[in-house]
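# Analysis of the macromolecular model
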Amino acid sequence: MKRGGSVSGAVSLVMIFCVLCLAIFTVLTYATAQREQKLSNVNAQMARDYYEADTKATLIVSDILAGKEPTVDHLKEETVFGTTYSFSIPAGGEQALTVQVAIDRGECTVLKWQTVYVGEWEPDYSLDVWDGENIF
């Protein structure tokens, strides 16, 4: 004898499973989108901070080339390459733009133009490492 209606139960179970999977994927997609938005906002802010510091450094170097004294704390040193100026500008967060230029007869040579980490570094000693004794 044939049983009637057994197929509809299996179809209902598959349909419930598909709806559950779609709901889970929807929640995961939404959570990922929120994290990606936060990350892109942080990256955008870091880029704005860097380019603001870069603009300030460029203006300072142009002032030096024009014969004006820089408006930031700087180190001026006479070297073989001419007069070397070194200064640092905050670039947002715990980073700074460090610049070192050499001026010789009106020509500017960039010796260093890089971002550096200026925050405090604290080592993390919380990792338990096996000392070679007592396997179990």
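Scroll up for the structure.
An account of the accompanying structure is given in this report.

The next thing to look at is the overall build of the protein chain. Secondary structure assignment for the protein chain yields one helix and four strands. Moving toward the C terminus, one meets the helices and strands of the protein chain in the order α-β-β-β-β. Here the protein chain has a C-alpha radius of gyration of 31 Å; the compact-globule value for 136 residues is 14 Å, and the former is much larger. For the protein chain, buried positions account for 16% of its 136 residues. Sequence-distant contacts, at least 24 apart, represent 31% of the contacts inside the protein chain between residues at least 6 apart. Accessible area of the protein chain: about 11,400 Å², with a carbon and sulfur share of 60%. Where the 10 positive side-chain charges of the protein chain centre and where its 18 negative ones centre are 18 Å apart.

Counting through the fold element by element, T84 comes out in strand β2 (residues 82-90). For T84, a relative accessible area of 4% corresponds to the buried category. With near-sequence residues (within four places) excluded, T84 lies in contact with L75, K76, E77, T79, Q100, V101, A102 and L111.

Among the surface-exposed residues, L20, I24, F25 and L28 lie close enough to one another that they form a single nonpolar patch of about 410 Å² accessible area. As for its placement among the helices and strands, L28 is situated in helix α1 (residues 6-65).

Thresholds, definitions, all that
- Residues numbered from 1 in each chain as written.
- Predicted model: local features only at pLDDT ≥ 70, side-chain atom pairs only at ≥ 80, totals over all residues.
- Heavy atoms only, no water.
- Helix = DSSP H or I, 4+ residues; strand = E, 2+ residues; numbered from the N terminus.
- Rg over C-alpha atoms; globule rule 2.2 N^0.38 Å.
- Buried < 20%, exposed > 50% of the residue type's maximum accessible area, 1.4 Å probe, protein only.
- Contact = heavy atoms within 4.5 Å.
- Areas by Shrake-Rupley, 256 points an atom, 1.4 Å probe, with all protein chains shown as cover.
- Lys, Arg positive; Asp, Glu negative; His and termini not counted.
- Charge placed at Lys NZ, Arg CZ, Asp CG, Glu CD.
- Patch = residues over 30% accessible without salt bridge, like charges linked within 9 Å, V, L, I, M, F, W, Y side chains within 5 Å.
- Salt bridge = Lys/Arg side-chain N within 4 Å of Asp/Glu carboxyl O.

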